Amino acid sequence: MTAPLQKFIKGALLILGLFLAIIFTSIAFPNFERVHWYRQIVLTVITPPQKLITFSSNFVKNAWNHYIAITKAAKENEILKKALANANQSLIELEEIGKENKNLHELLNMAHSINVKSVGAHVIASNVLTEFKTLTIDKGHADGIAKNMVVLGPGGLVGRIGQIGANQSSVFLISDPNSAVDVYVERSGGRALLVGTSYGSSLRPFYSLSRLEYLRKTSDIRNGDVVITSGLDKLFPAGIPVGTIHNAENSTTGLFKKAEVVPFVDLMEAKEVSVIIK
Amino acid sequence: MRYYLLIIIWTIAWLLAETTLLKSFPGHNLHIDIIFLTIMAFGFLKEWREALIPVILIGFIADAVSAAPFGVFTVTYIATLAAIRAATSTIYLQSHLARFVWVTVASALAISLKAGIISLIYKNHVFMLTAFWNFIPQSVFNAVLGLAVIPIFREYLNLTWEKIVRPSGLVLR
């Protein structure tokens, strides 16, 4: 064997050994709350330019949407006026229901509402390298973020905090294949488990959809029903809007019903989120 | 040193682009994966001894940024490099058509391997199902993109500071 080849084999074995040691360290501490130091080094390098690129591209997109594409605004204004009128009508109805709900809660000696503190964060990147559905936000350990904290978007639930860096964290979306949230259907009260990624959807295959599982056969569900968190999983507070039912499946076979859920938040396009600090 | 620095800059630059500007391009289920094509380029253009350490380095950076368990990308990339080197030792892979076919095959294998590892780690078959529905269009897309990216990467690796700042007079002479 030639000397350069021997040198190469030694070098390659050294690097492979080092890499295997790092992998074993990662496996030994799978639930380690913060990312390991070697990941933090790469994240420290990559996060500032990620922030810069995301904010710059958002700025350009906003400029386009608000100033250049203003011709569409007049038409949208008409539609929104009508929607606002309908929303006001619904609001009055909801206020009445709210009063009734409050009275019932008081009667049952239950907590009035969730009293939570939250931290605002910007989405700086998305994970496109794997089948995981995650986002990266610009808040981390230094801002008081901890693992499994609940992340909300404009209008509903987004997911929960995964790995945490010094100034960045990953958010596991509710459409991630590993996600599971205990929910119920607001109209009928039917309880189910919301799991990530509806791979057979005719609406938007694989993209930002979740599905309801373990919904009892006797449960009354319809397309358009609102799904909210139940709080029974002890992870997500009760009453957070999640999405609406689509493709409710009422087959005669099996023990449970299934349905797809379209989240209220456009998960992959979310720009600002808030993290509930426990 | 220049060689490794160029690889680190290339990897970080493309990771930045893929996770921000190109995250939804060309579609939500189809994405530009230059990092994987870089591994393919190493398989086609370099010998084992020149390719292995850069591939581990690229895998390390991808693993650090990704939400997947640490090591998934490095293992997948080393397996891809091994497959391409094994193929190049028996088949002539320098024509465009051969490259197109082999990038498609290697992409499909790499996507399946990565999804398989993640499915085993999390004991969740959904990762495998999602990859199964997605891997044909993604593999073909990688192969089309590879026709352009592999020659560009070859030129990029030959880049020197002297070439960038060379005065025009010197070139004309």
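The rules behind the values
- Residues numbered from 1 in each chain as written.
- Chains lettered and ligands numbered in written order.
- Predicted model: local features only at pLDDT ≥ 70, side-chain atom pairs only at ≥ 80, totals over all residues.
- Heavy atoms only, no water.
- Helix = DSSP H or I, 4+ residues; strand = E, 2+ residues; numbered from the N terminus.
- Buried < 20%, exposed > 50% of the residue type's maximum accessible area, 1.4 Å probe, protein only.
- Contact = heavy atoms within 4.5 Å.
- Areas by Shrake-Rupley, 256 points an atom, 1.4 Å probe, with all protein chains shown as cover.
- Expected span 1.5 Å × (residues − 1).
- Patch = residues over 30% accessible without salt bridge, like charges linked within 9 Å, V, L, I, M, F, W, Y side chains within 5 Å.
- Salt bridge = Lys/Arg side-chain N within 4 Å of Asp/Glu carboxyl O.
- Axes fitted to C-alpha atoms, helices over the stretch in contact; angles between N-to-C directions.
- Parallel < 35°, antiparallel > 145°, perpendicular 65-115°, else oblique.
- Left-handed = near helix turned anticlockwise from the far one by under 90°.
- Nonpolar A, V, L, I, M, F, W, Y, C, P; charged D, E, K, R; others polar.
- Pairing = 2+ DSSP bridges.
- 1 Å grid on protein atoms, 1.4 Å probe; cavity = no way out; pocket = protein on both sides within 12 Å on 5 of 7 lines; lining within 4 Å.
- Points joined across faces, edges and corners; volume = space filled by probe spheres on them.
- pLDDT = per-residue confidence, 0-100.

Undergrad: I'm lost on the overall build of chain A in this one. Help?
TA: Along its length, chain A carries three helices and 12 strands. The buried share of chain A, reckoned over its 278 residues, is 40%. The long-range share in chain A, meaning contacts at least 24 apart out of those at least 6 apart in sequence, stands at 58%. A total accessible area of about 15,800 Å² is found for chain A, and carbon and sulfur atoms account for 61% of it.

Undergrad: Would you take a moment to explain helix α5 (residues 96-122) of chain B for this structure?
TA: For an α-helix, 3.6 residues make a turn, and residues three or four places apart therefore share a direction. Across its 27 residues, α5(B) extends 38 Å between first and last C-alpha, which sits within 8% of the 39 Å expected from 1.5 Å per residue. Among the residues trailing α5(B), Lys123(B) stands out with phi positive, at a value near 50°.

Undergrad: Got a minute to help me understand a nonpolar patch on the surface in this structure?
TA: A contiguous nonpolar patch, built from Leu97(B), Val101(B), Val105(B) and Leu109(B) and spanning about 360 Å² of accessible area, is present on the exposed surface. We classify Val101(B) as partly exposed; its relative accessible area is 39%.

Undergrad: Honestly, the pattern of salt bridges in this entry has me stumped. Any pointers?
TA: Note on pairing: side chains with opposite charge can pair once their charged atoms come close. Residues and elements named next belong to chain A. Following the criterion strictly, the structure yields six salt bridges over all chains and no others. One salt bridge connects Asp182 with Arg191, and the closest N-O pair in it is separated by 2.7 Å. Look at Asp182 and you get buried, because its relative accessible area is 10%. Each of Arg187, Asp220 and Asp225 takes part in salt bridges that share partners, so that together they form one network.

Undergrad: What's the story with the packing of helix α4 (residues 72-90) of chain B against α5(B) in this structure? I'm lost.
TA: For any two helices packed against each other, the geometry is given by the interaxial angle and the distance between the axes. Residue and element names in this part refer to chain B. Orientation of α4 relative to α5, taken along the N-to-C sense of each, is 150°, at an axis distance of 10 Å. Taken together, α4 and α5 sit at an angle that is classed as roughly antiparallel. Seen from above, α4 lies across α5 with right-handed handedness. Packed against α4, whose contacting residues are Val72, Phe73, Val75, Thr76, Ala79, Thr80, Ile84 and Ala87, the element α5 presents Trp102, Ala106, Ala110, Leu113, Lys114, Ile117, Ile118 and Ile121 at the interface. The class makeup of the residues in the contact of α4 with α5 is 13 nonpolar, two polar and one charged.

Undergrad: How do you make sense of the interface of chain B and chain A when you look at a structure like this?
TA: Many structure descriptions define interface size as the accessible area lost when the parts assemble. With 46 residues of chain B at the interface, the matching set in chain A holds 41 residues. On the surface where chain B and chain A come into contact, there are zero salt bridges. Every element with two or more residues in the side of chain B that touches chain A is listed here: α1 (2-19), α3 (48-65), α4, α5 and α6 (126-157) of chain B. The leading source of residues in the side of chain B that touches chain A is α3(B), at 11 residues. Broken down by class, the residue content of the side of chain B that touches chain A amounts to 28 nonpolar, 12 polar and six charged.

Undergrad: Please explain the pairing of strand β8 (residues 210-216) of chain A as it appears in this structure.
TA: For a regular strand, side chains alternate in direction, first toward one face of the sheet and then toward the other. All names here are of chain A. By the criterion of burial, β8 is predominantly enclosed, with five of the seven residues buried. Here four bridges tie strand β7 (residues 191-196) to β8, and the two strands are oriented antiparallel to one another. Following the sheet pairing, Leu193 is matched in β8 by Glu213. Relative to strand β11 (residues 256-263), β8 runs antiparallel, the two sharing five bridges. Within the sheet, the bridge partner assigned to Leu215 lies in β11 and is Lys257.

Undergrad: I keep staring at empty space enclosed by the protein and nothing clicks. Help me out?
TA: In this structure the tally under the stated criterion is three cavities of 30 Å³ or more. Considering only enclosed or pocket space, the second largest cavity measures out at about 230 Å³ in volume. Along its surface, the second largest cavity is lined by 23 residues, and Leu43(A), Thr136(A), Ser170(A), Val65(B) and Ser66(B) are the ones closest to its centre. Considering every element that reaches the lining of the second largest cavity, the biggest residue donor is helix α2 (residues 37-68) of chain A, with four residues. Looking at the lining of the second largest cavity, its residues break down into 10 nonpolar, 12 polar and one charged.

Undergrad: When you look at the sheet that holds strand β4 (residues 156-164) of chain A in this model, what are you seeing that I'm missing?
TA: Two modes of strand pairing occur in sheets, parallel and antiparallel, and in both the strands are linked by backbone hydrogen bonds. All names here are of chain A. Pairing is antiparallel around the closed barrel formed by six strands, whose spatial order is β1-β2-β5-β4-β3-β12. Within the sheet, the average angular offset between the axes of one strand and its neighbour, ignoring direction, is 45°. In the sheet, strand β2 (residues 134-137) pairs with strand β5 (residues 169-173) via four bridges, with the strands oriented antiparallel. Residue pairing for β5: Ile137 is matched across the bridge by Ser169.

Undergrad: What is the right way to read the sheet that holds strand β10 (residues 241-249) of chain A from this model?
TA: All names here are of chain A. If you trace the six strands once around the closed barrel, you get β6-β7-β8-β11-β10-β9, paired in antiparallel fashion. Here the strands of the sheet are splayed against their neighbours by 40° on average, with no regard to which way each runs. Taken together, the three bridges between strand β6 (residues 180-185) and strand β9 (residues 226-229) define a ladder with antiparallel strand orientation. Bridge pairing links Tyr184 to Ile228 in β9.

Undergrad: What's the story with the confidence of the model for chain B in this structure? I'm lost.
TA: Detailed reading of predicted coordinates is not advised where the pLDDT is low. With 94% of its residues at a pLDDT of 70 or more, chain B has an overall mean of 85. When pLDDT is averaged over each helix and strand of chain B, the minimum, 61, is found for helix α8 (residues 168-172) of chain B and the maximum, 92, for helix α2 (residues 34-45) of chain B.

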